[in-house]
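Survey of secondary and tertiary structure
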Amino acid sequence: MSIPKPQHPIFELTIPSTKQKVQFRAFTVREEKTLILAQEAKDVATIARAIKSVLVDCVPGLDVDSLTTFDMEYVMTQVRAKSVGEVVILNMPCAADPAHERTPVRIDLSSIEVTFPDGHDKHIPLFEGGGVMMRYPTFDMLEKMDGVDEITAAAMCIDYYYNGDEIYDHNDNTVEDFAELLGALTQTQLDLIKSKFFATMPVFKHEFSYKCVQCGHEHHKFIKGLSNFFI
């Protein structure tokens, strides 16, 4: 007779961008090993595949590929908090003197939220009667965006381009088509897309302050990005 698998507690979280409530469980020892091996590889694509595998199992019914990157980071951190512990200790260096003893900093993962900056807009008018509607990079786009140039990455984030009554949707046009469009813009127009969309995009990060335990030098830091959510 086979040994029955243990039951896991069920938790709930809210997806930041859609406000959808989903249920999840903590990851198992085997799933944690998958994440650790991916971290050791130090490769964005490998880490992304490992996270997708774990989230598919831990958050049933969630369309992981459609998650924005900041949604994914939030969900992954919440799962990690319930799996290994809500509090982590980061041993931070001293900027005044790297030789100083590192300062332990307590981080509560469960309290970290996605920040939605003021002035952010997905709709960017570029000229009279024309502009673009942008879309957030999704989990599915992460691997495709790794290593591409800036114009191509921006083109992948165009939902549609409009010129008068004509609308050119991303489902009917290629990334190359949109990259050619961006290349035909003036630098001022391109900078508008960067400043109104990319520079102010919602971000999952944690800001914190600490004083060096050896010299008292004050620091203000923040952590963000895929690799930090394995801590």
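So, a few notes on the structure that sits alongside this text. (Residues numbered from 1 in each chain as written. Predicted model: local features only at pLDDT ≥ 70, side-chain atom pairs only at ≥ 80, totals over all residues. Heavy atoms only, no water.)

What follows covers the packing of helix H2 (residues 44-58) against helix H3 (residues 69-84). Interhelical geometry of H2 versus H3 gives an angle of 65 degrees and a closest axis separation of 11 Å. Taken as axis vectors, H2 and H3 run roughly perpendicular relative to one another. You can see that H2 and H3 cross each other, and the crossing is left-handed. Contact residues: H2 offers Ile51, Val54, Leu55 and Cys58, while H3 offers Met72, Val75, Met76 and Val79. Residue classes in the contact of H2 with H3 are distributed as 8 nonpolar, no polar and no charged. (Axes fitted to C-alpha atoms, helices over the stretch in contact; angles between N-to-C directions. Helix = DSSP H or I, 4+ residues; strand = E, 2+ residues; numbered from the N terminus. Parallel < 35°, antiparallel > 145°, perpendicular 65-115°, else oblique. Left-handed = near helix turned anticlockwise from the far one by under 90°. Contact = heavy atoms within 4.5 Å. Nonpolar A, V, L, I, M, F, W, Y, C, P; charged D, E, K, R; others polar.)

Further remarks concern the sheet that holds strand E11 (residues 218-224). The strand order E5-E10-E11 describes an open sheet built from 3 strands, whose pairing is antiparallel. In the strand order of this sheet, the two ends are held by strand E5 (114-115) and E11, each with one partner. In the sheet, E5 pairs with strand E10 (residues 203-211) via 2 bridges, with the strands oriented antiparallel. Among the inter-strand pairings, Val114 is bridged to a residue of E10, identified as Phe204. (Pairing = 2+ DSSP bridges.)

Before going further, it helps to examine the pairing of strand E1 (residues 11-14). Pairing of E1 with strand E2 (residues 21-24), which is carried by 4 bridges, proceeds in the antiparallel orientation. When the sheet's bridge partners are listed, Glu12 is paired in E2 with Gln23. As consecutive antiparallel partners, E1 and E2 are separated by 6 residues, and within that stretch Lys19 has a phi angle of approximately 65 degrees, a positive value.

Before going further, it helps to examine the pattern of salt bridges. Under the definition given, this model contains 7 salt bridges. Here Glu150 and Lys194 are joined by a salt bridge, their closest N and O atoms 3.3 Å apart. Of this pair, Glu150 sits in helix H5 (residues 150-156) while Lys194 is found in helix H7 (residues 187-198), placing the two residues 44 residues apart along the sequence. For Lys194, a relative accessible area of 27% gives the class partly exposed. (Salt bridge = Lys/Arg side-chain N within 4 Å of Asp/Glu carboxyl O. Buried < 20%, exposed > 50% of the residue type's maximum accessible area, 1.4 Å probe, protein only.)

Further remarks concern the nonpolar core. Leu55, Val59 and Val132 are the most contacted members of the largest nonpolar core, which totals 62 residues. Leaving out residues up to four positions away in the same chain, Val59 has contacts with Val22, Gln23, Phe24, Val75 and Val79. (Core = buried A, V, L, I, M, F, W, Y, C linked by side-chain atoms within 4.5 Å.)

Burial analysis of strand E7 (residues 130-134) places 4 of its 5 residues in the buried class, which makes it a mostly covered element. In sequence, strand E6 (residues 123-127) turns back onto E7 through a hairpin of 2 residues, with Gly129 there showing a positive phi of about 85 degrees. Inspection of the sheet shows E7 paired to strand E8 (residues 158-163) by 5 bridges, in the antiparallel sense. Across the sheet, residue Met134 finds its bridge partner in E8, namely Ile158.

Our focus in this paragraph is the packing of aromatic side chains. Overall, the coordinates contain 8 aromatic pairs when judged by the stated rule. Where Phe11 meets Phe24, the ring centres are 5.5 Å apart and the plane angle is 35 degrees; that geometry is what we call tilted. Residue Phe11 is located in strand E1, and its partner Phe24 is located in strand E2; the two are separated by 13 residues in the primary sequence. According to the relative accessible area criterion, Phe24 is buried, its value standing at 3%. Here the aromatic rings of Phe208 and Tyr210 are separated by 6.2 Å at their centres, their planes lie at 25 degrees, and the arrangement is stacked. We classify Phe208 as buried; its relative accessible area is 7%. Using a relative accessible area of 7% as the deciding quantity, one classes Tyr210 as buried. Cluster of aromatic residues (ring-pair linked, three or more members): Phe70, Phe116, Tyr136, Phe197 and Phe198. (Phe/Tyr/Trp six-rings, centres within 6.5 Å; stacked < 30°, edge-to-face > 60°.)

The next subject is helix H1 (residues 29-41). Compared with the 18 Å implied by 1.5 Å per residue over 13 residues, the 19 Å span of H1 between its first and last C-alpha is a close match. Residues of H1 that are buried include every one of Glu31, Leu35 and Ala38, and no others. Relative to the axis of H1, the buried residues are bounded by an arc of 60 degrees and lie together on one face. Residues of H1 that are exposed and point over 90 degrees away from its buried face: Val29, Arg30, Lys33 and Glu40. (Expected span 1.5 Å × (residues − 1). Arc of directions from axis to C-beta.)

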